[in-house]
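# Secondary and tertiary structure notes
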Amino acid sequence: MSFQPHSVLFDKGVIRRVYERRVRLALSTPPTLAQVEAANVYAQLCIPPRRLYITAQTAHILHRRSPLFAAPFLAETYALQKGRYLRRWARRLRALMFAPEDAIVVAYGSFGIDERLPSIGVEAIVTNDLKLATHFHTLQAEIARRFHDMIMQLPAPYAALTLPAVLTTASILAQA
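A brief report on the enclosed structure follows. (Residues numbered from 1 in each chain as written. Predicted model: local features only at pLDDT ≥ 70, side-chain atom pairs only at ≥ 80, totals over all residues. Heavy atoms only, no water.)

## Things to note about the overall build of the chain
Helix and strand counts for the chain come out as nine helices and seven strands. Counting only C-alpha atoms, the chain reaches 55 × 35 × 30 Å along its principal axes. Put simply, the chain has 176 residues, and 43% of those count as buried. Charge separation in the chain, taken as the distance between the mean sites of 21 positive and 12 negative side-chain charges, equals 5 Å. (Helix = DSSP H or I, 4+ residues; strand = E, 2+ residues; numbered from the N terminus. Buried < 20%, exposed > 50% of the residue type's maximum accessible area, 1.4 Å probe, protein only. Lys, Arg positive; Asp, Glu negative; His and termini not counted. Charge placed at Lys NZ, Arg CZ, Asp CG, Glu CD.)

## What to know about the side chain of glutamine 35
On the secondary structure map, glutamine 35 appears in helix 2 (residues 33–45). Only 2.9 Å separates the side chain of glutamine 35 from the backbone nitrogen of threonine 32, close enough to count as a polar contact. The residues contacting glutamine 35, other than those within four sequence positions of it, are Arg17, Glu20, Arg21 and Arg24. (Polar contact = N/O pair within 3.5 Å; in protein donor to acceptor, adjacent residues only side chain to side chain. Contact = heavy atoms within 4.5 Å.)

## Concerning helix 5 (residues 86–95)
Buried within helix 5 we find Leu86, Trp89, Ala90 and Leu93. Buried residues of helix 5, viewed axially, fall in a sector of 105°; they line one side. Facing away from the buried side of helix 5, by more than 90 degrees, are the exposed residues Arg87, Arg91 and Ala95. Buried residues belonging to helix 5 abut helix 6 (100–111) and helix 8 (140–151). Note on helix 5: the residue one or two positions beyond its end, methionine 97, has a positive phi of about 70°. (Arc of directions from axis to C-beta.)

## Brief notes about unusual backbone geometry
With an omega of -20°, the peptide bond between leucine 117 and proline 118 qualifies as cis. Position of proline 118 among the secondary structure elements: in the loop between strand 4 (113–114) and strand 5 (119–120). In this structure, proline 157 follows alanine 156 across a cis peptide bond, with omega equal to 5°. Examined against the element boundaries, proline 157 turns out to sit in the loop between helix 8 and strand 7 (165–168). We note that serine 28 has phi near 60°; this positive angle belongs to a residue other than glycine. Following the sequence through the fold, serine 28 ends up in the loop between helix 1 (12–26) and helix 2.

## Looking at the sheet that holds strand 1 (residues 7–10)
One open sheet holds the five strands; their spatial order is 3-2-1-6-7, and the pairing between them is parallel. At either end of the open sheet lies a strand with only one pairing partner, and these are strand 3 (78–79) and strand 7. Bridge count for strand 1 against strand 2 (residues 51–54) is three bridges, and the pairing is parallel. What sits directly across from serine 7, in strand 2, is arginine 51. (Pairing = 2+ DSSP bridges.)

## Comments concerning the nonpolar core
Counting 31 residues, the largest nonpolar core has Leu9, Trp89, Phe98 and Phe111 as the members making the most contacts within it. Broken down by secondary-structure element, the contributors of at least two residues to this core are helix 5, helix 6, helix 7 (130–138) and helix 8. The biggest single contributor to this core is helix 6, with six residues. Discounting residues that sit within four places of it in the chain, leucine 9 has contacts with Tyr53, Ile54, Thr55, Leu80, Val105, Tyr108, Gly109, Val122, Ala124, Ile125 and Val126. If you look at the next biggest cluster of nonpolar residues, it comprises 23 residues, including Val18, Phe69, Ala79 and Leu167. (Core = buried A, V, L, I, M, F, W, Y, C linked by side-chain atoms within 4.5 Å.)

This is the structure we're talking about:
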């Protein structure tokens, strides 16, 4: 893989498909192609010292699932916390016609906080949502301009943030 991010945010769809694959295998049921694709990407990226993240909403969902299948995700990933400017950035993304859930994922990737380090944002967001990825890439120049305009008005350490890359599971596997 040519792009080797040190920090990755998995969107809910990727985690859901990997989870479903694990359940299907336990039931001796063959997984779907989308589940295999997501699981292969997850396994490929789940290599220390890479930091793996999920949103707080995804962590909440996993805590309500069977611990047999959810516990590994909760052990291997860390839920990003809402950063100070996360909601403001999500609103600005909504103005660019991002779906509410997509705007939140990109905002977590940009302003989510890992309180253990501490660090803000991630290098890459991994999704299997082609609409999100296409919309992000189509508007990337405008998104980058608005992101830059926003962070330039913010105090340190926010002024030094970078916009995360948005990668699909298929594009990651194609680079492998």
